[in-house]
Amino acid sequence: MYQLPDFLKFGMIISEILIINLIFYYFYKGILCPGSEHPFDISFQFGFMATLLTISYVIGIKLRPISFFYRSDRRGSILSNVFATVIMMSVIFWIFALVFGFNNKFQSIRIIYVLVSIYVSLALWRYMCRWIIRWFRTRGRNLHHVIFVGNNEPIRELGEEMRHPFYGYRVEGYFADEPMDPAPQELNYLGKVSDAVKYVKEHDYLQHLYCSLPAVRANEILEIIDTCEKHCVRFYAIPQLRTYLKRKMQLEILGSIPVLSIRDNPLDMLTNRIIKRTFDIVVSAIFMIPFWLLIYPVIAILTHYLQPGPVFFKQKRNGLNGKEFVCYKFRSMKVNAEADVLQATENDPRKTKFGDFMRRMSIDELPQFINVLKGDMSIVGPRPHMVKHTEEYSKLIDKYMVRHWVLPGITGWAQVNGARGETKELWQMEDRIKKDVWYVENWSFSLDLKIIFKTVWNVIKKDKQAF
């Protein structure tokens with residue numbers, strides 16, 4: 001899809017470099033290095049560190065380009081892109097701090113202030129710029145004129161999609177041998193397919209042409225392509241498989257052969273996996289300190305006196321790509337032989353009173369931060385199921401195994417949207433799997449943050465399905 005001109009993109013990069021350096025200057029003079037008696041040394045150090053941050057930023061946007069101004073951009077990418085940039089800054093800053101000995105001079109907590117301020121400022125700046133672009137496009141500025149060739153359902157759906165004013169498209173109409181029936185709203189019939197070439201030649205303001213003709217009409221398609229290229233009109237082909245696959249698809253090129261993947265998994269991208277894994281490690285490492293010092297001793301003592309047996313419950317579950325791993329939980333039930341085959345119920349007689357309290361407060365899930373640090377799980381993802389359930393439900397529910405394309409999570413999109421607890425009927429598990437698959441295909445860093453927030457809120461308000 002069309003994006004802003006390169007000079008505006010370059011302007012965005014320059015403005016963000018200025019924001020980064022202004023923030024760093026403020027913290028450097030006021031917090032990191034106040035009241036120094038050697039202004040030249042401060043200037044040199046500041047210049048060096050500012051250059052480092054600038055280099056880090058440039059590397060970050062090289063790996064995750066600024067994309068908020070794309071017409072097809074998804075919500076949430078701003079937060080994840082900025083996070084990737086800040087993570088890159090943090091890593092490079094830390095490496096240089098060790099090499100040049102700055103780690104003794106600049107306290108870690110103060111550096112965190114700088115990085116958080118940069119993250120918030122860049123995110124707000126990009127949101128503001130996106131709002132400005134939206135304002136221009138909804139008022140008829142920065143418009144791109146489009147025509148369609150074909151009269152099938154994909155053309156109708158594309159016309160409906162492009163009617164959204166933010167996208168900045170003005171659809172002039174469509175060419176087809178026969179008009180659509182029923183005629184789509186605000187989509188003008190311009191003539192037969194053979195008239196499209198003449199139309200392109202006579203309308204120099206035209207910028208995009210979308211064609212959905214079948215391959216058997218290759219000669220006509222090639223003539224349209226040739227005419228478009230001679231008149232600076234961008235040609236787009238709409239695959240015919242849209243008539244039976246109504247979903248997002250990802251285009252890949254194998255050699256010179258275009259291949260369409262029917263599922264888009266954002267976590268297939270290395271940079272997205274680095275962002276998610278870095279967040280998992282940092283948060284889990286920070287959490288594990290109070291966990292081992294405060295929470296674990298209390299749970300261990302109470303477990304010893306209230307429900308004799310091991311503190312931890314270990315169970316094999318299916319993780320990434322269906323691979324089995326050992327999942328850790330605080331034991332909330334009496335030791336029993338049905339733990340690996342029978343799902344917990346609301347009034348399960350195997351639960352102890354203390355165990356029931358832990359389950360309702362989600363305390364029993366806390367040891368899974370160990371699984372996160374080991375790389376078996378993520379903080380957010382589809383909840384891992386016991387091996388027996390995976391074997392059963394994979395035969396009963398379509399797309400069940402798609403949920404295993406990402407790491408399982410301590411919490412997930414299904415859990416914060418009511419799909420947790422006992423699954424008495426098949427439709428309940430189907431609903432859970434549907435939500436898990438949606439998460440796999442729509443992952444973003446901001447979505448993970450939203451799920452974490454909703455999880456904490458559900459614990460505070462005491463989710464009735466937590467048992």
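*Asks:* Describe in detail the packing of aromatic side chains, supporting the description with residues and values.
*Replies:* We describe a pair of aromatic rings using the distance from one ring centre to the other and the angle between the two ring planes. Following the criterion strictly, the structure yields ten aromatic pairs and no others. With a centroid separation of 5.4 Å and 55° between ring planes, the pair formed by Tyr174 and Tyr189 is classed as tilted. Separated by 15 residues along the polypeptide, Tyr174 in strand β2 (residues 169-175) and Tyr189 in strand β3 (residues 189-191) bring together distant segments of the chain. Note on Tyr174: relative accessible area 1%, which makes it buried. Judged by its relative accessible area of 34%, Tyr189 falls in the partly exposed class. Taken together, a centroid distance of 5.7 Å and an interplanar angle of 15° make the contact between Tyr296 and Phe312 stacked. A residue pair is termed long-range when its members are at least 10 positions apart, and Tyr296 in helix α8 (residues 270-306) and Phe312 in strand β8 (residues 312-318) qualify at 16 residues. Using a relative accessible area of 23% as the deciding quantity, one classes Tyr296 as partly exposed. If you follow Arg403 out to its NZ or CZ, it ends over the ring of Tyr400, 5.7 Å from the centre.

*Asks:* Tell me what's going on with the pairing of strand β5 (residues 234-237), and back it up with residues and numbers.
*Replies:* Here strand β4 (residues 206-211) pairs with β5 via four bridges, running parallel. The residue of β5 that forms the bridge with Leu209 is Phe235.

*Asks:* Can you tell me about the nonpolar core, naming the residues and giving the values?
*Replies:* Phe24 and Ile118 are the most contacted members of the largest nonpolar core, which has 62 residues in total. The leading source of residues in this core is helix α3 (residues 77-100), at ten residues. With 16 residues, the next largest nonpolar core counts Ile147, Val200, Leu213 and Ile221 among its residues.

About the cut-offs
- Residues numbered from 1 in each chain as written.
- Predicted model: local features only at pLDDT ≥ 70, side-chain atom pairs only at ≥ 80, totals over all residues.
- Heavy atoms only, no water.
- Phe/Tyr/Trp six-rings, centres within 6.5 Å; stacked < 30°, edge-to-face > 60°.
- Helix = DSSP H or I, 4+ residues; strand = E, 2+ residues; numbered from the N terminus.
- Buried < 20%, exposed > 50% of the residue type's maximum accessible area, 1.4 Å probe, protein only.
- Lys NZ or Arg CZ within 6 Å of the ring centre and 35° of its normal.
- Pairing = 2+ DSSP bridges.
- Core = buried A, V, L, I, M, F, W, Y, C linked by side-chain atoms within 4.5 Å.

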